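For reference, the chains in residue letters:
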Amino acid sequence: MQLLHVMAQNNNQDFFHLVRYAIGASDQVPQIEEQEWEAMFDFAKKQAVLGIVYGVLQRMGKGVAIPRQLKMKWFFYVEKVKKRNILLNQRCVELVTKLRQDGFDSLVLKGQGNAMMYPNPFVRISGDIDIFMMVTGGKQNVSDRRRVVTNYVRKKFPHTRIRYQHIDYHLFPDVEVEIHFVPTFMNNPLYNHRIQTWMEGLMMEQCQNMVELPESAGKVAVPTVSFNIVFLLAHMMHHFFDEGIGLRQFVDYYYLLQTTKQNREIKKDDLERLLRHLGLWKFAGAAMYVMQEVFALKEEFMIAPVDDIRGKTLLDEILKGGNFGKSSGLTDHSTGGKYFAKIWRNLHFVRQYPHEALCEPVFRTWHFFWRLKQTS
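Residues numbered from 1 in each chain as written. Predicted model: local features only at pLDDT ≥ 70, side-chain atom pairs only at ≥ 80, totals over all residues. Heavy atoms only, no water.

(A) Representation of the overall build of the protein. Of the regular secondary structure elements, the protein holds 15 helices and six strands. Taking 2.2 N^0.38 as the reference for a compact globule, 376 residues should give roughly 21 Å; the C-alpha atoms of the protein span a radius of gyration of 21 Å, in line with that estimate. Taken across its 376 residues, the protein has 54% of its residues classed as buried. Restricting to contacts in the protein with at least 6 residues of sequence separation, those with at least 24 account for 70%. A total accessible area of about 18100 Å² is found for the protein, and carbon and sulfur atoms account for 53% of it. (Helix = DSSP H or I, 4+ residues; strand = E, 2+ residues; numbered from the N terminus. Rg over C-alpha atoms; globule rule 2.2 N^0.38 Å. Buried < 20%, exposed > 50% of the residue type's maximum accessible area, 1.4 Å probe, protein only. Contact = heavy atoms within 4.5 Å. Areas by Shrake-Rupley, 256 points an atom, 1.4 Å probe, with all protein chains shown as cover.)

Structure (structure tokens):
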């Protein structure tokens, strides 16, 4: 049993080395035997970073000892990722244009906005389109915005699914869209109130932060660096307590942190006070452990001191569950089974994150009945 654990640890370190080399954080060429590449491919696929790790093959060139069939399989997979990104960029612009014509400002969250931080924006494995929208030029509280947005969506799609933070919008046949009332949320009511208040004060500014998507696809609004540092951290923490989080989101965060040196608006003392106020400080320390262990992030880019204890727990969950915890087994349960499985899982985090861990089942129970009311 101990031997298997040591072998798993060695495989993890080999994979971390691959990732660091792929993103340019290390110049030391990975020493991967030919028979080990299949496991590296499966690991990268589980973590939804196949496109990023493919950079290893490109940097190593003919010197890489990888089976030809696997290399071709990897190449075609990455080409599909690129085509998907091109499609999502096109759909983002179409969606933003339509919302503007209908009187709404919008903000592309995560996804295609995060891809813009990558040296190659086409290697990030994309999902759906998450977009925040608000009435142009007018301030609304969350309740009013939820009512306006829900009425807007349900005029066309009366039975679409709704959640606390977003509603599904079936505008395209080939891309899923989630329109957000709030960018993200927290389970603890006090910290959720604080982060909603903080975000509300910044949303008009975010909706004006326009960027040009790759290959002149068109312009969309994406969050500023200072907003993203808090928002993406809160988003990762939310998923950590929901079903799990994978390395793809931490690659996003790595590239985000790389931009902070040039961004003079970010002051570490102010950021620490904000993260403590929002209940994110402990998770920030855990995230910095992952940044150090997996990506060899330099200390100058760290937003919090490395927390080894919470960090090891976080990294274990990442490696075990994969992208959004899809390999954790939680999704294999029925609805009722998943409810209790999540409670049991989060009980393991009570000592490290008492506020969020204890509030998660309470919020999820409230949310269940809230959704029933919205669909009745």
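(B) Representation of the side chain of Arg345 within the structure. Mapped onto the fold, Arg345 is located in helix H14 (residues 335-347). We classify Arg345 as buried; its relative accessible area is 12%.

(C) Broad picture of the side chain of Glu356. Residue position: Glu356 is located in helix H15 (residues 354-375). This buried residue, Glu356, is left without a salt bridge; Arg194 holds the nearest opposite charge, at 11 Å. Once you skip the residues sitting within four places of it in the chain, Glu356 turns out to touch Met186, Asn187, Asn188, Met237 and Phe241. (Lys, Arg positive; Asp, Glu negative; His and termini not counted. Salt bridge = Lys/Arg side-chain N within 4 Å of Asp/Glu carboxyl O.)

(D) Up close: the pairing of strand E2 (residues 129-135). A large share of E2 lies buried, amounting to six of its seven residues. Sheet analysis places strand E1 (residues 104-109) next to E2, joined by six bridges and oriented antiparallel. By the bridge assignment, Leu107 is partnered in E2 with Phe132. Where E2 meets strand E4 (residues 177-180), four bridges bridge the pair, whose relative direction is parallel. Across the sheet, the residue bridging to Ile131 is Ile179, located in E4. (Pairing = 2+ DSSP bridges.)

(E) Representation of the packing of helix H9 (residues 225-242) against helix H11 (residues 268-277). Packing of H9 against H11 leaves a shortest axis separation of 12 Å and a crossing angle of 30°. Judged by the twist between their axes, the crossing of H9 over H11 is right-handed. The segment H9 lies against H11, with Ile229, Val230 and Leu233 engaging Leu271, Leu274 and Leu275. Its residues placed into classes, the contact of H9 with H11 shows six nonpolar, no polar and no charged. (Axes fitted to C-alpha atoms, helices over the stretch in contact; angles between N-to-C directions. Left-handed = near helix turned anticlockwise from the far one by under 90°. Nonpolar A, V, L, I, M, F, W, Y, C, P; charged D, E, K, R; others polar.)

(F) Inspection of the packing of aromatic side chains at higher detail. The full count for this structure, using the stated rule, is 28 aromatic pairs. On the numbers, 5.4 Å between centres and 70° between planes, the contact of Phe75 with Phe76 is edge-to-face. Residue Phe75 is classed as partly exposed on the basis of its relative accessible area of 32%. Of the aromatic side chains, those joined through ring pairs into one cluster are Tyr164, Phe185, Phe363, Trp366 and Trp370. (Phe/Tyr/Trp six-rings, centres within 6.5 Å; stacked < 30°, edge-to-face > 60°.)

(G) A look at the sheet that holds E4. In spatial order, the strands read E1-E2-E4-E3; together these four strands make up an open sheet with mixed pairing. Of all the strands in the sheet, the pair left with one neighbour each is E1 and strand E3 (166-168). Neighbour to neighbour, the strand axes of the sheet diverge by 30° on average, direction disregarded. Against the sheet, helix H4 (residues 68-101) touches E1, E2 and E4, its axis set at about 15° to E2. The sheet strands contacting helix H6 (residues 142-154) are E1, E2, E3 and E4, and the helix crosses E2 at an angle near 115°.

(H) Geometry of the pattern of salt bridges. Taken as a whole, this structure holds 17 salt bridges when the rule is applied. In this structure, Arg276 and Glu272 form a salt bridge, with 3.0 Å as the shortest nitrogen-oxygen distance. With Arg276 and Glu272 both in helix H11 and four residues apart, the pair spans about one turn of that helix. Classification of Arg276 by relative accessible area gives partly exposed; the value is 47%. Taking the shortest distance from any N to any O, the salt bridge between Arg310 and Asp307 comes out at 2.8 Å. For Arg310, a relative accessible area of 17% gives the class buried. Taken together, the salt bridges that share partners define one network made up of Arg91, Glu94 and Asp174.

(I) Layout of helix H2 (residues 37-46). Taken together, the buried positions of H2 are Trp37, Met40, Phe41, Phe43 and Ala44. Buried positions in H2, seen along its axis, are confined to an arc of 165° and lie on one side of it. One or two positions beyond H2, positive phi appears at Ala48, with a value near 60°. (Arc of directions from axis to C-beta.)

(J) View of the nonpolar core. In terms of nonpolar packing, the biggest core is built from 91 residues, with Phe15, Trp37, Tyr253 and Phe295 touching the most fellow members. Of all hydrophobic cores here, the second largest spans 27 residues; its members include Leu87, Leu99, Ile129 and Val149. (Core = buried A, V, L, I, M, F, W, Y, C linked by side-chain atoms within 4.5 Å.)

(K) Representation of a nonpolar patch on the surface. Residues Met72, Phe75 and Phe76 make up a contiguous nonpolar surface patch of roughly 270 Å² in combined accessible area. With respect to the secondary-structure elements, Phe76 resides in helix H4. (Patch = residues over 30% accessible without salt bridge, like charges linked within 9 Å, V, L, I, M, F, W, Y side chains within 5 Å.)

(L) Local environment of the environment of Gly24. Structurally, Gly24 can be placed in the loop between helix H1 (2-22) and H2. In this structure the C-alpha to C-alpha distance between Gly24 and Asp269, which are 245 residues apart in sequence, comes to 29 Å.

(M) Focus on helix H10 (residues 247-258). If you check H10, its first and last C-alpha atoms are 17 Å apart, about what 12 residues at 1.5 Å a residue would give, namely 16 Å. The element H10 is extensively covered by neighbouring structure, given that 11 of its 12 residues are classed as buried. (Expected span 1.5 Å × (residues − 1).)

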